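An overview of the molecular structure
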There are 2 protein chains.
Amino acid sequence: MEKQMNRQVATWIWYPGEFEIRLHEKMSVARRARGVMYPAYWRLDRHYSNIKFRYSYELEQDEQIQIIADGTFSFYLDGMDNYRSSDSLITLPAGRHEISISVFNDVEVPALFIDGPTVRTDSSWEVTSYQNDWKQAGSWSFDSTVNPPSRFRLPTTPHEPVKITLRDGYPMVDFGRETFGYLRFHNIKGNGAVRVYYGESIAEALSTEDCVNLDRFEALEAIEQRINGIFTLNEAKAFRYVWIQGDPDVSWESVSMLYEYVPVEYRSSFECSDPKLNEIYDISLYTLQLNTREFFLDGIKRDRWVWGGDAYQAFLMNYYSFFDLDVTRRTLVALRGKDPITMHINTILDYTLYWFISLYDYHLYTGDFEFIRQYYDRAVSLMDFCLKQLNEEGLVEGRKQDWVFVDWADFNNEGAVSTEQILLARSLEAMSRFAALMGDDSASGSYGSLAEEIKSTTLRLFWDEGKGGLLHHRVEGETKPTLTKHASMFAMTYGYLSPEQRDSVVRNVMLNPDVPKIRTPYMRFHELAVLCESGEHDYVRKELLSYWGGMIDLGATTFWEEYDPSLADDDHYGMYGMKFGKSLCHAWGAGPIYLLGKYFLGVTPTSPGYESYRIAPNLGGLEYMKGKVPTGTGQVSVEMDLNTICVESTTGTGILAFFSSECPKCNEGEPREIVNGSYELTIEAGKKYHISYQPTK
Amino acid sequence: MEKQMNRQVATWIWYPGEFEIRLHEKMSVARRARGVMYPAYWRLDRHYSNIKFRYSYELEQDEQIQIIADGTFSFYLDGMDNYRSSDSLITLPAGRHEISISVFNDVEVPALFIDGPTVRTDSSWEVTSYQNDWKQAGSWSFDSTVNPPSRFRLPTTPHEPVKITLRDGYPMVDFGRETFGYLRFHNIKGNGAVRVYYGESIAEALSTEDCVNLDRFEALEAIEQRINGIFTLNEAKAFRYVWIQGDPDVSWESVSMLYEYVPVEYRSSFECSDPKLNEIYDISLYTLQLNTREFFLDGIKRDRWVWGGDAYQAFLMNYYSFFDLDVTRRTLVALRGKDPITMHINTILDYTLYWFISLYDYHLYTGDFEFIRQYYDRAVSLMDFCLKQLNEEGLVEGRKQDWVFVDWADFNNEGAVSTEQILLARSLEAMSRFAALMGDDSASGSYGSLAEEIKSTTLRLFWDEGKGGLLHHRVEGETKPTLTKHASMFAMTYGYLSPEQRDSVVRNVMLNPDVPKIRTPYMRFHELAVLCESGEHDYVRKELLSYWGGMIDLGATTFWEEYDPSLADDDHYGMYGMKFGKSLCHAWGAGPIYLLGKYFLGVTPTSPGYESYRIAPNLGGLEYMKGKVPTGTGQVSVEMDLNTICVESTTGTGILAFFSSECPKCNEGEPREIVNGSYELTIEAGKKYHISYQPTK
């Protein structure tokens, strides 16, 4: 105990959620369109400038503490608010007392750091925004006096270009693959202007009129700003290529960049008999890492914003790769924002709903309910907001000011869209679970029965027996005949369909060429997941190879926002009416991480925090695969070929599920045959399992 | 028309209300307690950092405009948001187009200034905070490019001390009367520290251990910061005296101050046969002016905050003196703040209710409904918030976190307090009127009937026939026997009592020495108003002379927060457990302005904006009085002695009401006898009326 006390350190504390809110405000205006600010088009929430901390102590003797605040502070004891001090050194009297400290900061998040022999700031302190809302203080890893939360920056590391060629007499610098950071000029000299054109593609960098990112500076100013001979541009950009046009009198020794990144750990792996698939997996990881930043971004060139639907997928990919929960929590807090709720997250109805489902997944994958408890009231009020939009039939509809997105596709989202109902039902199931964990059984019951009601109404009103799937939308009491894949996909994923309905959806909707194709990796993510859940691994593998492989064949070093194989040449780069409008490094392009980890290696939690889990490896037409999936602090390793499965896990208890046409042999444990040729084997942590099996036809 | 066009100037524009919100945030942390920040203890609302302006134009030819933003801006045309510009000079193409300009500023209010031959920023531009809330832009008097709203400062002017004496060898500088501003040292020299002790009283300045305001600076730093040989301290303070202790090596030529003020126009006057009353009136005006600042403050030394109940009275005083509507509007906007509403204004239930009543008064005195229209939705949501606090009997109660203030007095405000019910009924009447003016008859009806309901419930449950007044509060269905003046006072003022009840209240409550005395000028304001409404002018005059005159006798140059004649010497200065805690310049001390203007000169609007009004002058025991009251752009002048009344008005139509025991003679118009000896005469603008009358006994 003594030792533990000595190991405690003081840390910066603040009003919970405010670090994320303020960081999100800053990041939401970092996007540039040809050098011009392009801010997010939703309300940016702001931190409280005026807050107060409190802490009760009992000391046997007087103790001197040091007080540092990010902002202006005033200290008082035992509620004597007329007798305040702003001294940085205070001697606390012995006995039982309560410290109060007001902190005001209207620029950055007000934060407090107090260090003393025993009295020190940490998350056991309380804080209020003067709304009758005493809460446990927020804190993270800011343990140094000189490093308050307002100074948070991602780390950087220098990277050199891999190739420099001349184009029209100007250097075209190639960093080998998509990257993100600050361009640097070494030993720049002379007088004149330098113009920098960035490109995710070489075509973009060469297009001085249409490239999305550019810079322009005067050499004389750059020279003034050099540190150790290096001039670093002050805004980070996404690029692979930079084409640099300097005036004749300007010269420099070399160009490099500072790569800015989150130091994630690559905790998953996937390697298989198909090198192309390995490449797809690796590029997916890199694509995800580039978008794993202050928050999960949609894309690093564009929009550089935090979108709820994009983040929903990034969270899932993250559970199958870096398992970085810090960025997940930051993103969830930033997305929810503050009250009053007047608009949906990112203005999009579905994106609000993904937030609940993301929270559900967070709990399932991490087992951490404390985080959800902290934001439970914000979840409740967000759900209240959604439920105000139920129409007379009890279905959720977008208001005039809402964007009902679903996907980039040519469909009409008027009225009640079936996908939104499915997402709402799932969101209500999430709320029901959270309420139960909060100990509010009555609220849990209400959320649960409303979820059931919406599910059954949706199936009743949207299921088309003839077409064998859920129709797209319903306007003024009439379900329209349009059939899309989306609602059926989500209904399958969330287990809302009967076995017969599932079969029908796969046959009549998912694999039906007459139903409009999904063009974005965003919805391909869900589409392919559903197909895997129906055992169509072989089909999915081929789709991965053709769709993601297709991007690689076109030179992709990260995966794109959208890919249409029918386009030619530079037409691939256009979107939103801009020649280079498409993001070539889009988080939702990294879906193969999830598909390969969850459905090929086959690892899924079956109770929160991977206390129990299922391993259902599936080669999907491969001859061999090997990989691992993080499961919180632990991991599951899976290796499989046509006759052997090797599994090892560090924590929890798993069930290995596999098929074998003959009775399998195991070095450990006893496989149980569930039905014809389907076996299960209990996996205990710390043991290595080798199973010989005979593949079924 | 041509001329008007040419007279138009560009002006800074912003999201409406944000200038006030941001200014309020800054001012709410300006208070110091012995040099240490003492922030307001309620949530400080913040401006939106991310907004967008739009404007549609039609031009016959191209036009160049200049764009200046307070913040970062990006401009685009016709919704083409991927094609933005941040150039300060833009050529607008001829034809019909829509301009959009995003402005981001996370420190000060984002604001925009555009000037061109015909396209210029003004309040016809629209702005959104991205919440589906396009509004007319806010603007005021910021017409110069170099003077955006963030640079708003009150004007200052140099004032010299009137007397300097030595105390313990250190200069005691006396500025002659209470003042507010920045102390200045002329030609300061040498090396060492200077300590400044401020006092509203000389006792406070001499009390280095207990004075509320102090400063300390190093001469060397002061010398560095001199401008034209003058070092000005950078925080304004309230004081009459400063006691300056310099180290032996420090010297200066002289000390002066920069008086900081709102340049109000003294539009009222009152002069009478009693010089003491004249003095009371003048000191009241000065007291009010000192507290008329960025907002109406409670007091300039303490709290320097904006309080709803204090402001309610300051608004009324202002209508009878400066008629400065800018400060009134700023204060109303700042008090309401932004959503979500979680706490009452200043945490006080009654202060929220005064906000509605203040808005009602604003409309009555100014006739300006446009301002109310702009904030009507905020009034609706604030009322929604209040109505959630109705108990089972339909009475409003404070929640656990609410402060039910009523007055500084020793009474128990548990349960449903009768005063709060009266204030709520009046607030609902205000909302009913606003809803009707908004064209929402249904809402108007609901508010109106709820007001009636609360009125009748209150009279039924709180009126005590035996005691002849409204009892103080009701706890868990039982009205407690405590009798206080407050509820009865307000019920009289708002006309909720029958003539019999009014008589009873005056006799059994107001003039009953057994009912607890009111000690604050805050509630004396309402008490004396009610007595005037009952014709007790003579009594009120005597009270003015003894209570306010009592402060003058103690050397007051402005009126105090509280005055208790039974205290001795420096005990007058203590409050809140601090030896000099009392504010000696408190807005609510200036009530005589209102009492003398409204009840002695007798001027009251009877329809919004003084379109019609009543003049009921009453000498109240004086031999002579003369004065004027502003009535919007116009004014009413009244002069009266024991036999003559002279009245003149510049606008609207008034009724002069007076008593005469004989038939009065008028130079203009025809007085009508209403009842025995009570006469009315119609007053037309622009005419001088001389009436000879015979006073009644």
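This write-up is about the structure you can find in this document. Just so you know, these numbers come straight off a predicted model, no measurement behind them. (Residues numbered from 1 in each chain as written. Chains lettered and ligands numbered in written order. Predicted model: local features only at pLDDT ≥ 70, side-chain atom pairs only at ≥ 80, totals over all residues. Heavy atoms only, no water.)

As a further point, take the side chain of Lys-237 of chain B. All names here are of chain B. Summarising the element assignment, Lys-237 is placed in strand β17 (residues 237-246). You can call Lys-237 buried: its relative accessible area is 2%. Within polar-contact distance, the side chain of Lys-237 engages the side chain of Asp-215 at 3.1 Å. (Helix = DSSP H or I, 4+ residues; strand = E, 2+ residues; numbered from the N terminus. Buried < 20%, exposed > 50% of the residue type's maximum accessible area, 1.4 Å probe, protein only. Polar contact = N/O pair within 3.5 Å; in protein donor to acceptor, adjacent residues only side chain to side chain.)

A few words now on the sheet that holds strand β5 (residues 72-77) of chain A. Residue and element names in this part refer to chain A. The strand order across the open sheet formed by five strands is β5-β7-β3-β9-β10, and the pairing between neighbours is antiparallel. At either margin of the open sheet sits one strand with a lone partner, and together these are β5 and β10 (135-136). Note: strand β3 (residues 50-59) against strand β7 (residues 95-104), 10 bridges, orientation antiparallel. Within the sheet, the bridge partner assigned to Arg-54 lies in β7 and is Ser-100. (Pairing = 2+ DSSP bridges.)

Here the focus is the nonpolar core. The biggest cluster of nonpolar side chains holds 173 residues, and the ones touching the most others in it are Phe-270 and Tyr-594 of chain B. With 12 residues, the single largest contributor to this core is helix α8 (residues 349-366) of chain B. Apart from residues no more than four positions distant in its own chain, Phe-270 of chain B is found in contact with Leu-277, Asn-278, Tyr-281, Leu-596, Phe-600, Leu-601, Leu-622, Met-625, Lys-626 and Gly-627 of chain B. If you look at the next biggest cluster of nonpolar residues, it comprises 172 residues, including Trp-355, Met-383 and Ile-645 of chain A together with Phe-104 of chain B. (Core = buried A, V, L, I, M, F, W, Y, C linked by side-chain atoms within 4.5 Å. Contact = heavy atoms within 4.5 Å.)

This next bit is on the packing of helix α7 (residues 325-336) of chain A against helix α9 (residues 370-387) of chain A. All names here are of chain A. The contact between α7 and α9 brings their axes to 11 Å, and the two run at 25°. Here α9 runs roughly parallel to α7, going by the angle between their axes. The handedness of the crossing between α7 and α9 is left-handed. Of the residues in α9, those touching α7 at Arg-329, Leu-332, Val-333 and Arg-336 are Phe-371, Tyr-375, Arg-378, Ala-379, Ser-381 and Leu-382. Tallied by class, residues from the contact of α7 with α9 come to six nonpolar, one polar and three charged. (Axes fitted to C-alpha atoms, helices over the stretch in contact; angles between N-to-C directions. Parallel < 35°, antiparallel > 145°, perpendicular 65-115°, else oblique. Left-handed = near helix turned anticlockwise from the far one by under 90°. Nonpolar A, V, L, I, M, F, W, Y, C, P; charged D, E, K, R; others polar.)

All right, on to the side chain of Thr-631 of chain B then. Residue and element names in this part refer to chain B. Structurally, Thr-631 can be placed in strand β27 (residues 624-631). Of note is the side chain of Thr-631, whose polar atom sits 3.2 Å from the backbone nitrogen of Gln-635. Sequence-distant contacts of Thr-631, defined by excluding residues within four places in its chain, comprise Arg-267, Phe-323, Val-603, Gly-609, Tyr-610, Val-636 and Thr-651.

Bringing the pairing of strand β8 (residues 111-115) of chain B into the picture now. All names here are of chain B. Most of β8 is tucked away, with four of its five residues classed as buried. Sheet analysis places strand β4 (residues 63-70) next to β8, joined by five bridges and oriented antiparallel. Bridge pairing in β8 places Gln-66 opposite Asp-115.

Another point: the interface of chain B and chain A. Contact residues are listed per partner, giving 44 residues for chain B and 44 residues for chain A. Carbon and sulfur atoms supply 57% of the area that chain B and chain A bury against each other, a total of about 3,900 Å² over both sides. Together, Met-37, Arg-46 and Asn-82 of chain B form the three largest contributors to the area buried by chain B at its contact with chain A, with a combined 16%. The tally of links from chain B across to chain A stands at two salt bridges. Across the pair Asp-106 of chain B and Arg-22 of chain A runs a salt bridge whose closest N-O atoms are separated by 2.8 Å. Taken together, chain B and chain A are joined by 24 residue pairs in polar contact (both at pLDDT 80 or more). Those elements that provide at least two residues to the side of chain B that touches chain A are α2 (18-27), β2 (36-37), β5 (72-77) and β7 (95-104) of chain B. (Buried area = accessible area lost by both parts, 1.4 Å probe. Salt bridge = Lys/Arg side-chain N within 4 Å of Asp/Glu carboxyl O.)

Here the focus is the environment of Leu-325 of chain B. Residue and element names in this part refer to chain B. In this structure, Leu-325 sits in helix α7 (residues 325-336). Remark: the alpha-carbon pair of Leu-325 and Gly-632, spanning 307 residues in sequence, is separated by 9.3 Å. Other than its neighbours up to four places away in sequence, Leu-325 contacts Tyr-319, Tyr-362 and Thr-366.

To continue, consider the environment of Cys-646 of chain B. Residues and elements named next belong to chain B. Position of Cys-646 relative to the elements: it lies in strand β29 (residues 644-649). Separated by 191 residues in the primary sequence, Cys-646 and Lys-455 have C-alpha atoms spaced 40 Å apart. Cys-646 has contacts with Ser-637, Val-638, Glu-639, Tyr-689 and His-690, leaving out every residue within four places of it along the chain.

So, on to the pairing of strand β32 (residues 672-675) of chain B. Residues and elements named next belong to chain B. As judged from the three bridges shared by β32 and strand β33 (residues 678-684), these two strands associate in the antiparallel manner. Each bridged residue has a counterpart across the sheet, and for Val-675 the counterpart in β33 is Ser-678. What sits between the antiparallel neighbours β32 and β33 is a turn of two residues, in which Gly-677 has the positive phi angle 75°.

Moving on: the relation of the copies chain B and chain A. Placing chain B over chain A gives an RMSD of 0.0 Å and needs a rotation angle of 180°, together with 0.0 Å of translation along the axis. Both copies of the chain, as the preceding transformation shows, are related through a two-fold rotation axis. Looking at the rotation axis and the C-alpha trace of chain B, the residue lying nearest is Pro-340 of chain B, at 2.5 Å. Most of the interface of chain B is mirrored in chain A, where 100% of its interface residues are also at the interface. (Least-squares fit on C-alpha atoms with pLDDT ≥ 70 in both.)

Throughout the structure, instances matching the rule amount to 122 aromatic pairs over all chains. Geometrically, the ring pair formed by Tyr-320 of chain A and Tyr-365 of chain A is edge-to-face, given 5.7 Å between the ring centres and 75° between the ring planes. Note that Tyr-320 of chain A is positioned in the loop between α6 (308-319) and α7 and Tyr-365 of chain A in helix α8 (residues 349-366), a separation of 45 residues in sequence. Each ring, one from Tyr-320 of chain B and one from Tyr-594 of chain B, has its centre 5.6 Å from the other, and the planes form 75°; the classification is edge-to-face. Note that Tyr-320 of chain B is positioned in the loop between α6 (308-319) and α7 and Tyr-594 of chain B in helix α16 (residues 592-600), a separation of 274 residues in sequence. Residue Tyr-594 of chain B is classed as buried on the basis of its relative accessible area of 5%. Its end group placed over the ring of Tyr-286 of chain B, Arg-177 of chain B keeps NZ or CZ at 3.5 Å from the ring centre. Taking the ring centre of Tyr-48 of chain B as reference, the NZ or CZ of Lys-338 of chain B above it sits at 3.3 Å. (Phe/Tyr/Trp six-rings, centres within 6.5 Å; stacked < 30°, edge-to-face > 60°. Lys NZ or Arg CZ within 6 Å of the ring centre and 35° of its normal.)

All names here are of chain B. Backbone torsion omega between Arg-302 and Asp-303 reads 0°, so that peptide bond is classified as cis. Along the polypeptide, Asp-303 turns up in the loop between α5 (275-291) and α6. Pro-340 follows Asp-339 through a cis peptide bond whose omega is 0°. Inspection of the secondary structure assignment puts Pro-340 in the loop between α7 and α8.

Turning to the sheet that holds strand β20 (residues 416-417) of chain B, a few remarks are in order. Residues and elements named next belong to chain B. Pairing is antiparallel across the open sheet formed by three strands, whose spatial order is β20-β23-β24. Two strands bound the open sheet, and with one partner strand each, they are β20 and β24 (478-479). Note that β20 and strand β23 (residues 473-475) share two bridges and pair antiparallel. If you follow Val-417 over to β23, its bridge partner there is His-473. Contacts from helix α11 (residues 441-462) reach β20, β23 and β24 within the one sheet, and its direction differs from that of β23 by about 80°.

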